[in-house]
Amino acid sequence: MIFGRSERGKAPVEPVTLKILVAGGFGVGKTTLVGAVSEIKPLRTEELLSEAGRPVDDTQGVEGKHTTTVAMDFGRITLRKDLVLYLFGTPGQDRFWFLWDELATGALGAVVLADTRRLEDCFAAVDYFERRSIPFVVGVNCFDGADRYPADSVRRALDLDSGVPVVLCDAREKESVKDVLIGVVEHAAAAAAAQRRQPAVT
């Protein structure tokens, strides 16, 4: 049963659709993550890096990167027959941050993708979601050759609240990415439940 079509003798099930953002610094693997897990051909808005952008696009540590997202990446994954996630990858460079507010509208939660070689590059994304009270999970993309650190060490380095999940992942691997996305949904649900339990301010 997919998208309202029912099996014989069973009532159709309309899936719940949820919007998840994938954010982080330049070259951290956002486009790769969306592409690894999307069940449709992902929409990409990548352009070649140019000489004009060289002064503002810091490629140190990602010298092999030759393209950049200039608007967004988009993909879709069905976690269960009644639950579909729409993924929106944000552009990583400062000059495209004006798009973030539009992309964040209606989002259930977010993945902040981090690279331990350039951990400071995800500070802005962490700050963005904290300020807007959007639940997020930090996914540490374990690049080949990069030093590996325990999740608690990454949490301390990013000065995260204890309730923010930190997950080690491989943005190239579908099952690894699915685990991160399930973590976002569960964390957002827990945050919403906690908010409902808070007494109303009179």
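Here, the structure is the one placed above.
Residues numbered from 1 in each chain as written. Predicted model: local features only at pLDDT ≥ 70, side-chain atom pairs only at ≥ 80, totals over all residues. Heavy atoms only, no water.

A. Spotlight on the pattern of salt bridges. Applying the stated criterion across every chain yields a total of nine salt bridges. Notably, a salt bridge pairs Arg132 with Asp101, separated by 3.6 Å at the nearest N-O pair. One end of the pair, Arg132, is in the loop between helix H3 (123–131) and strand S7 (136–141); the other, Asp101, is in helix H2 (residues 100–104), and 31 residues separate them in sequence. For Arg132, a relative accessible area of 38% translates into the label partly exposed. Residues Asp170 and Arg172 are paired through a salt bridge, measuring 3.0 Å at the closest nitrogen-oxygen approach. Under the relative-accessibility criterion, Asp170 is labelled buried at 17%. The network of salt bridges with shared partners includes Asp144, Asp170 and Arg172. (Salt bridge = Lys/Arg side-chain N within 4 Å of Asp/Glu carboxyl O. Helix = DSSP H or I, 4+ residues; strand = E, 2+ residues; numbered from the N terminus. Buried < 20%, exposed > 50% of the residue type's maximum accessible area, 1.4 Å probe, protein only.)

B. Expanded view of the side chain of Lys19. Structurally, the position occupied by Lys19 is in strand S1 (residues 16–24). Engagement of the side chain of Lys19 in a polar contact is seen with the backbone oxygen of Leu103, the distance being 2.7 Å. Ignoring anything within four residues of it in the chain, the contact list for Lys19 reads Tyr86, Phe88, Glu102, Leu103, Ala104, Thr105, Gly106, Ala107, Leu108 and Gly109. (Polar contact = N/O pair within 3.5 Å; in protein donor to acceptor, adjacent residues only side chain to side chain. Contact = heavy atoms within 4.5 Å.)

Purely spatial values, then, with no claim about function.
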